[in-house]
Amino acid sequence: MNIEQWDEYRQITDAMNEMISDMDDSPQMKNVVGHICRSGGKKVRPIILLLASRICGGDSDNSINAALAIELIHSASLIHDDILDEGVIRRGVESAHKKFGPAAAMLAGDYMISKSIELISIYSTPVVREFGRAGMAMAEGETIDIKSTSEDFAEMNYFDCIDKKTASLFAASAAMGAYIVGADERTASKLKDYGEKLGRAYQIVDDILEYTENVDDKRSENESISILQIYRRAIPHESAVEKATLLAMENVRMAKDILEEFEPSDSRSKLMEVTDHITTEMLPKTLKNTIRSR
Ligand code: FPP
Ligand code: MG
């Protein structure tokens, strides 16, 4: 599957390019924001938002500003994360703070967060609230993450951390997409639940890839404690990887079960595809085979 050929991906890329070309020509900020925004990324969160609008029977054209806001706050969080983690490579290129220095990188993050608030301001209260709460959760989750160095960091702390730093933005994206097109509370919260499960699975897979050194498009000097290190305290390396993989797969299954509650449609199929694409499909073949043969 090639998400980059989807209309939703193109819509978001176009909106992002337009935003950059509309920026004031003060070269420094435009350079830094341009570097980050054009360095790729799968743009899955805004795609989920657009598809959530469509699965609720709405037109995703009304959701494009919110989708761009989601991608901007996500990218800003990665700039800040790279400063905190001493990330040196991001999306296959030099991280913003390495290339431009920490001050310029931090300010570009501030700019992108502020721009995202401007973009989101046109929507109704539930949309703005979901957005604001996700940002707050991300900062809380990252705070837990940077403190996660001690031996007493347990499974419960890990889930609290990833639910906040990662799953919160997936959940908000799905719920916002629903609210924008006037979906009721029950439908929006169903989609929020889908986003939460997917976000959890995504972060566990990301942590498995980092632990098994199957990552080539990013690199950090500081690595946080993940579920793998927590399992590894009690069981051998292979068993820890297998156990974490099963956990990720369980969350993928729960996410897809929620989607099954919606009528079949093009948007539902695409949400199913995105769900697999950023989780199961990211895992090395050997690991997938081990899990399948169990
Ligand atoms: C990546 O985690 C980081 C996050 C998912 C969240 C980062 C959040 C902040 C820095 C708070 C800032 C908040 C806002 C609203 C801008 P990771 O280090 O496990 O993943 P990686 O391998 O991709 O670096
Ligand atoms: Mg990081």
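Now for a description of the structure that goes with this document.

Cut-offs and rules
Residues numbered from 1 in each chain as written. Chains lettered and ligands numbered in written order. Predicted model: local features only at pLDDT ≥ 70, side-chain atom pairs only at ≥ 80, totals over all residues. Heavy atoms only, no water. Helix = DSSP H or I, 4+ residues; strand = E, 2+ residues; numbered from the N terminus. Rg over C-alpha atoms; globule rule 2.2 N^0.38 Å. Buried < 20%, exposed > 50% of the residue type's maximum accessible area, 1.4 Å probe, protein only. Contact = heavy atoms within 4.5 Å. Areas by Shrake-Rupley, 256 points an atom, 1.4 Å probe, with all protein chains shown as cover. Lys, Arg positive; Asp, Glu negative; His and termini not counted. Charge placed at Lys NZ, Arg CZ, Asp CG, Glu CD. Salt bridge = Lys/Arg side-chain N within 4 Å of Asp/Glu carboxyl O. Phe/Tyr/Trp six-rings, centres within 6.5 Å; stacked < 30°, edge-to-face > 60°. Donors = N, O, S within 2.8 Å, 3.2 Å for Na, K, Ca; no water. Pairing = 2+ DSSP bridges. Axes fitted to C-alpha atoms, helices over the stretch in contact; angles between N-to-C directions. Near = heavy atom within 4 Å. Polar contact = N/O pair within 3.5 Å; in protein donor to acceptor, adjacent residues only side chain to side chain.

A look at the overall build of the chain
- Each helix and strand in the chain was counted, giving 13 helices and three strands.
- Relative to the 2.2 N^0.38 estimate, which gives 19 Å for 294 residues, the radius of gyration of the chain is 19 Å and therefore close to what a compact globule would have.
- Overall, the chain is about 55 × 50 × 30 Å in size when its C-alpha atoms are taken along their principal axes.
- Residues counted as buried form 52% of the 294 residues belonging to the chain.
- Long-range contacts, defined as pairs at least 24 residues apart, comprise 75% of the intrachain contacts of the chain with a sequence gap of at least 6.
- As presented, the chain carries roughly 13,600 Å² of accessible surface, and 48% of it is formed by carbon and sulfur atoms.
- Within the chain, the 50 negative side-chain charges are centred at a point lying 2 Å from the centre of the 35 positive side-chain charges.

Some points on the pattern of salt bridges
- All told, the structure shown has 19 salt bridges when counted by the stated rule.
- A salt bridge links arginine 10 to aspartate 7; the shortest N-O distance between them is 3.7 Å. One end of the pair is arginine 10 and the other is aspartate 7, both in helix H1 (residues 7-22) and three residues apart, which spans about a single turn.
- The class of arginine 10 is partly exposed, set by a relative accessible area of 42%.
- When its relative accessible area of 46% is taken as the criterion, aspartate 7 is described as partly exposed.
- Taken together, the salt bridges that share partners define one network made up of Glu8, Arg54, Asp266 and Lys270.

Observations regarding the packing of aromatic side chains
- According to the stated counting rule, one finds two aromatic pairs in the structure shown.
- When the ring of tyrosine 158 is compared with that of phenylalanine 159, the centres are 5.5 Å apart and the planes differ by 65°; the resulting orientation is edge-to-face.
- Where phenylalanine 170 meets tyrosine 202, the ring centres are 5.4 Å apart and the plane angle is 50°; that geometry is what we call tilted. Placement of phenylalanine 170 in helix H8 (residues 155-180) and of tyrosine 202 in helix H9 (residues 185-211) is noted, with a sequence separation of 32 residues between them.
- For phenylalanine 170, a relative accessible area of 1% gives the class buried.
- Owing to a relative accessible area of 14%, tyrosine 202 belongs among the buried residues under this scheme.

Digging into the coordination of the magnesium ion (ligand 2)
- The protein atoms donating to the magnesium ion (ligand 2) are Asp81 (OD) and Asp85 (OD), with metal-donor distances spanning 1.9 to 2.1 Å. With aspartate 81 and aspartate 85 both in helix H4 (residues 64-85), this residue pair falls four residues apart, about one helical turn.
- A relative accessible area of 11% places aspartate 81 in the buried class.

Details of the pairing of strand E1 (residues 87-90)
- Where E1 lies against strand E3 (residues 219-220), two bridges are found, and the strand directions are antiparallel. Bridge assignment links isoleucine 89 to a residue of E3, and that residue is arginine 219.
- With two bridges joining them, E1 and strand E2 (residues 93-94) adopt antiparallel strand pairing. By the bridge assignment for E2, arginine 90 is matched with valine 93.
- Following E1, the chain reverses through two residues before pairing antiparallel with E2; arginine 91 in that reversal takes a positive phi of roughly 50°.

Details of the sheet that holds E2
- Here we have three strands laid out as an open sheet, ordered E2-E1-E3, and antiparallel in their pairing. Of all the strands in the sheet, just E2 and E3 have a single pairing partner and so form its edges.
- The sheet strands contacting H4 are E1 and E3, and the helix crosses E1 at an angle near 140°.

Focus: the site of ligand 1
- Surveying the vicinity of ligand 1 reveals 17 residues, the closest of which are Asp81, Asp85, Arg90, Lys165 and Lys218.
- The contact in question runs from an oxygen atom of ligand 1 to an N or O atom on the side chain of arginine 90, over 2.8 Å.
- Contact distances for ligand 1 include 2.7 Å between an oxygen atom and a side-chain N or O atom of lysine 165.
- For ligand 1, whose unbound accessible area comes to 630 Å², protein coverage reaches 89%.

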